[in-house]
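Results of the structural survey
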Amino acid sequence: MTRDLSRLLRPKTIAVVGGGAWCQQVILQSQNMGFQGEVWAVHPKAIEVAGLPAYPTLEALPAAPDAVFIGINRHATIETVRLLSEMGAGGAVCFASGFAEAFAEDETGGDLQAELVSAAGDMPILGPNCYGFVNALDGALLWPDQHGCSRVESGVAILTQSSNISINLTMQQRGLPIAYMVTCGNMAQSTQAQIASALIDDPRVTAVGLHIEGFKDLRDWEQLAAKAHAKGVPLVAIKVGASEQAQQATISHTASLAGSDAGAQAFLNRLGIPRLTALPDLLETLKLLHCYGPLPDTKIASISCSGGEASLIADMAVDSALTFPELSTRQQTQLRGALGPMVALNNPLDYHTYVWRDEVAMAQAWAGMTGDEIAMTYSIVDYPTTDATDWTCATNAALHVRSETGARFGVVASLPELMPSDVADQLMAGGVVPMMGLREALAATEAAASVRAPISDPVCLPGETEGLTETMTEADSKHALMQHGVPVPQNRAVQGCAQISAAIAELHPPFAIKGVGLAHKSEHAAVRLKVMPDEVAQVVKEIGTQEVLIEEMITGTVAELLIGVIRDPAHGFVLTLGAGGVLTEILRDTTSLLIPARPEDICTALEALGIAPLLAGYRGQPPANIDAILAAVMGVQSYVLENADTVSEVEINPLLCTADRAVAVDALIRKA
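Report follows, based on the coordinates.

Calculation notes
- Residues numbered from 1 in each chain as written.
- Predicted model: local features only at pLDDT ≥ 70, side-chain atom pairs only at ≥ 80, totals over all residues.
- Heavy atoms only, no water.
- Helix = DSSP H or I, 4+ residues; strand = E, 2+ residues; numbered from the N terminus.
- Buried < 20%, exposed > 50% of the residue type's maximum accessible area, 1.4 Å probe, protein only.
- Areas by Shrake-Rupley, 256 points an atom, 1.4 Å probe, with all protein chains shown as cover.
- Lys, Arg positive; Asp, Glu negative; His and termini not counted.
- Charge placed at Lys NZ, Arg CZ, Asp CG, Glu CD.
- Expected span 1.5 Å × (residues − 1).
- Polar contact = N/O pair within 3.5 Å; in protein donor to acceptor, adjacent residues only side chain to side chain.
- Pairing = 2+ DSSP bridges.
- Right-handed = clockwise from strand over helix to strand, strands pointing away.
- Contact = heavy atoms within 4.5 Å.
- Axes fitted to C-alpha atoms, helices over the stretch in contact; angles between N-to-C directions.
- Parallel < 35°, antiparallel > 145°, perpendicular 65-115°, else oblique.
- Left-handed = near helix turned anticlockwise from the far one by under 90°.
- Nonpolar A, V, L, I, M, F, W, Y, C, P; charged D, E, K, R; others polar.
- Patch = residues over 30% accessible without salt bridge, like charges linked within 9 Å, V, L, I, M, F, W, Y side chains within 5 Å.
- Salt bridge = Lys/Arg side-chain N within 4 Å of Asp/Glu carboxyl O.
- Core = buried A, V, L, I, M, F, W, Y, C linked by side-chain atoms within 4.5 Å.

Focus on the overall build of the protein
Across its full length, the protein holds 23 helices and 30 strands. Dimensions of the protein, computed from the C-alpha atoms along their principal axes, are close to 95 × 80 × 35 Å. Every one of the 672 residues in the protein was classed for burial, and the buried ones make up 55%. Accessible area of the protein: about 27,700 Å², with a carbon and sulfur share of 51%. Where the 40 positive side-chain charges of the protein centre and where its 74 negative ones centre are 2 Å apart.

Rendered as structure tokens:
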């Protein structure tokens, strides 16, 4: 159920229930930020709270409040929420702790949280165990502690699951306008995705930053991503923690390689949400998105008055998707006119200090590094902490470039502390993005260029399974996959001399012979290759298993692939593609998607692998048949979709890829 959070987040009236220091702060915060609506204090005994006359009960209020901060104990919170819901209040922030988050210490916490949700009914609540929010657009703060926000006319929204992280982020001095800072707390009722969806309904929100500990409802996130894309509001995220996967023995390569985080990354990729790993990177990305929105590509230009900085930014971008295009003829002409013959023209460009203090020449040179073919141009400028007067020319030149060209332009300090906050504010006011730190700037640029439209197909959610799983034999696994179009070698599962002799007569040598019933057969010397008919009896004896699988060998292999799927209760079915064979764990060359995956996304994933050159034909070798590989992957996906209620794990390792086909020579399926 989706609840309307608009009255809660953008209130005309605020009520504060409780009289302690936290509640007094809520009243003072809204007053200090110039909230134009009514603020009502509610306390059964106090005459006044923070200078406001106190109403003894909620029923005594002039009207049902739009937003309520509840700063009383957890048991009283439940009854207060019930009464507010019956009154028709717009929503509430539940500050109290001791609910589900305290279950390890107090087993009644979970029951209390369920009671709270029941009491709220259709009324939206944030929390419990929640700091609430800052609405810096309207000066409405249901926020019980310090903060560093100021009133803004537009800006970004930041939504975290940690109140302490929220406090710290409000204290940023990077020139980033924060429109909303919202904490989720326990998310007993309103999920993080639902709250974010309500925030982007405000047209003054330019981008949303998310600090995510776990995805609660995948469908909510899919709806959020679709809505944000339709509204043109980019989303970026820091995803921390590990998902809780089903407890299962790691008997496959896929389970050991995919890990608990692969599903989270694949889900964010599917939603088109770039993922960052550090709070400074998140803030810098939001700043860039606020100014210019998502970048069209990863082509950047850099200009600095030092060759050291030019080399540094070039080196730092090596392991990223960012590129420095060669200068066009137009750029070279404009740069030569501004800088003269003494400067070697390159991208990144060291323009020396010949034009320093000449704002017109500086602006002309810097503008020469912009253009339609450049997504983002940076001028590297470090302002001294002693006397930055002589650096005013750089600020003015940057502002002139933006006003004259309209190009996406940024001033980046190589060290974060060398971008003064007043300069950052001045640049932001003129449409120039001030970036604090070279590494942070590059991370933000790559992220801003990675915003994508979400995939419209919903992820396949695993069915509810109970009890243990069983592992199908290799022969049965291959047969099941073959029914969905996955090619497998001709094979026979046999026991005893008579069946072995019959299999030898029916199949074409050389053979691959494998012991049946072993998870990792190669580790038990239970896989023998290139076995000729007269060697079969001795090989079977040496392998030692009661049953063996005899199959025709595949020749002409140009690459070995892994195709694996694991059930991830937090994210769906994780499809992993990678380098296959006995060195799979050593190479660790994999990428993951969620099912259902589109053919074009599977092809893109294959191209991203380290062994992609082998698939394309390396050093005169024939290329693999990509269409055949794609058909095999789609066959595995088809099997999973048809058996989503029971399947736990599927793996092909290896899929032998030749110039004309792709064949699954080893397969594993685990089902409930």
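Moving on from the model shown.
Description of helix α3 (residues 74-87)
Between its terminal C-alpha atoms α3 stretches 20 Å, which fits the 20 Å expected from 14 residues at 1.5 Å a residue. Along α3, the residues that are buried comprise T77, I78, T80, V81 and L84. Two or three places before H75, at the start of α3, stands the capping residue N73, its side-chain oxygen 3.0 Å from that residue's backbone nitrogen. Note on α3: the residue one or two positions beyond its end, G88, has a positive phi of about 90°.

What to know about the pairing of strand β19 (residues 433-436)
Of the two faces of β19, both are covered, the one formed by V433 and M435 as well as the one formed by P434 and M436. With four bridges joining them, strand β18 (residues 409-413) and β19 adopt parallel strand pairing. What sits directly across from V412, in β19, is M435. A crossover connection joins β18 to the parallel β19 through helix α15 (residues 421-429); in handedness this β-α-β unit is right-handed.

What about the sheet that holds strand β15 (residues 300-304)?
With respect to topology, five strands assemble into an open sheet ordered β16-β15-β17-β18-β19, the strand pairing being parallel. Edge positions in the open sheet fall to β16 (349-350) and β19, since each of these has one partner strand only. Alignment of strand β17 (residues 376-380) against β18, held across four bridges, turns out to be parallel. Within the sheet, the bridge partner assigned to I380 lies in β18 and is V412.

Section: the environment of L279
Here L279 shows up in helix α10 (residues 279-292). A sequence separation of 41 residues divides L279 from I238, and the C-alpha atoms of the two residues are 7.7 Å apart. Residues contacting L279, with those up to four places away along its chain left out, are I165, L169 and I238.

Some points on the side chain of E474
In this fold, E474 is placed in helix α17 (residues 474-482). One polar contact links E474 to K478, side chain to side chain, over a distance of 2.8 Å. A polar contact is formed between the side chain of E474 and the side chain of K514, at a distance of 2.9 Å.

Quick look at the packing of helix α11 (residues 307-316) against helix α16 (residues 438-448)
Where α11 meets α16, the axes come as close as 10 Å, and the angle between the chain directions of the two elements is 45°. In this view, α11 runs oblique relative to α16, as classed from their interaxial angle. As for the relative orientation of α11 and α16, their crossing is right-handed in sense. Of α16, the residues touching α11 (which contributes L312, I313 and M316) are L438, R439 and L442. In terms of residue class, the contact of α11 with α16 is built from five nonpolar, no polar and one charged.

Let's talk about the side chain of K478
The residue K478 is located in helix α17 in this model. For K478, a relative accessible area of 1% translates into the label buried. Ignoring any residue separated from it by four or fewer positions in sequence, one finds K478 in contact with V488, P489, N491, K514, L549, E551, A664, V665, D666 and A667.

Some words on unusual backbone geometry
A cis amide bond, omega 5°, links N347 with the succeeding residue P348. By the element assignment, P348 lies in the loop between α12 (329-339) and β16. The phi dihedral of K530 is positive, around 55°, even though this residue is not glycine. We classify K530 as exposed; its relative accessible area is 63%.

Structural notes on a nonpolar patch on the surface
There is a patch of nonpolar side chains on the surface, built from V582, L583, I586 and L587 and spanning about 430 Å² of accessible area. In this structure L583 comes out as partly exposed when scored by relative accessible area, which is 44%.

Focus: the sheet that holds strand β23 (residues 527-531)
The antiparallel open sheet is built from four strands, whose spatial order is β21-β24-β22-β23. Looking along the sheet, the strands with just one partner apiece sit at the ends: β21 (491-494) and β23. Along the sheet, successive strands turn relative to each other by an average axial angle of 20°, direction set aside. Contacting β21, β22 (511-515) and β24 (548-552), helix α18 (residues 496-506) runs over the sheet at an angle of about 175° to β21. Packing of helix α19 (residues 536-543) onto the sheet brings it into contact with β22, β23 and β24, and relative to β22 it is tilted by some 25°.

Concerning the nonpolar core
Of all hydrophobic cores here, the largest spans 108 residues; its most connected members are L126, Y180 and W221. Contact partners of Y180, with chain neighbours within four places excluded, come to L9, R10, V134, N135, L137, V156, A157, I158, L199, D202, R204 and V205.

Regarding the pattern of salt bridges
Within the structure shown, the criterion is met by 23 salt bridges. A salt bridge links D66 to R7; the shortest N-O distance between them is 2.9 Å. Taken together, the residues span a long stretch of sequence, with D66 in the loop between β4 (52-55) and β5 (67-70) and R7 in helix α1 (residues 6-9) at a distance of 59 residues. In this structure, the salt-bridge partner of R204 is D138, at a minimum N-O distance of 3.0 Å. Here the residue R204 occupies a position in the loop between α6 (192-199) and β12 (205-212), and D138 occupies one in the loop between β8 (133-135) and β9 (140-142), the gap between them amounting to 66 residues.

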